[in-house]
Amino acid sequence: MTVLDDGTLLTAGESQQPASGIDGYVWHLAADGKVLWHKGYGGLGQDQFWSAPRKGPGGSWVLYGGKDKHGWLLAIDGTGKPLWE
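What counts and how
Residues numbered from 1 in each chain as written. Predicted model: local features only at pLDDT ≥ 70, side-chain atom pairs only at ≥ 80, totals over all residues. Heavy atoms only, no water. Salt bridge = Lys/Arg side-chain N within 4 Å of Asp/Glu carboxyl O. Helix = DSSP H or I, 4+ residues; strand = E, 2+ residues; numbered from the N terminus. Buried < 20%, exposed > 50% of the residue type's maximum accessible area, 1.4 Å probe, protein only. Patch = residues over 30% accessible without salt bridge, like charges linked within 9 Å, V, L, I, M, F, W, Y side chains within 5 Å. Areas by Shrake-Rupley, 256 points an atom, 1.4 Å probe, with all protein chains shown as cover.

Undergrad: Quick question: what am I supposed to make of the pattern of salt bridges here?
TA: Between side chains of opposite charge, pairing is possible as soon as their charged atoms come close. Within the structure shown, the criterion is met by 2 salt bridges. A salt bridge links K67 to E85, with the nearest nitrogen and oxygen atoms 3.0 Å apart. In this pair, K67 sits in strand β7 (residues 61-67) while E85 sits in the segment after β9 (82-84), placing the two residues 18 residues apart along the sequence. Residue K67 is classed as partly exposed on the basis of its relative accessible area, which comes to 23%. Given a relative accessible area of 58%, E85 falls into the exposed group.

Okay, here's the thing in structure tokens:
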């Protein structure tokens, strides 16, 4: 889990999805634990994040994990929009 400058939290992991299997997931939480937003990433198969989000260039957040049995890096912006992988 990563504490952001505004006191909110960003955490990553995985979530089982009925249509696509296991997806990498990111949750943005208020300091009191209320979910501000959450988003899934990946596709069919097993996709997951293995580390806490790390601050990247230009206000981005970089996540490390596995996608379809390969290493995976994904950068997102502050709203969870993918920037590159």
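We are not done yet, so read on.
Undergrad: Is there a simple way to explain a nonpolar patch on the surface in this structure?
TA: On the surface, a cluster of nonpolar side chains totalling about 550 Å² of accessible area is made up of W50, Y64, L73, L83 and W84. Along the chain, the position of W84 falls in strand β9.

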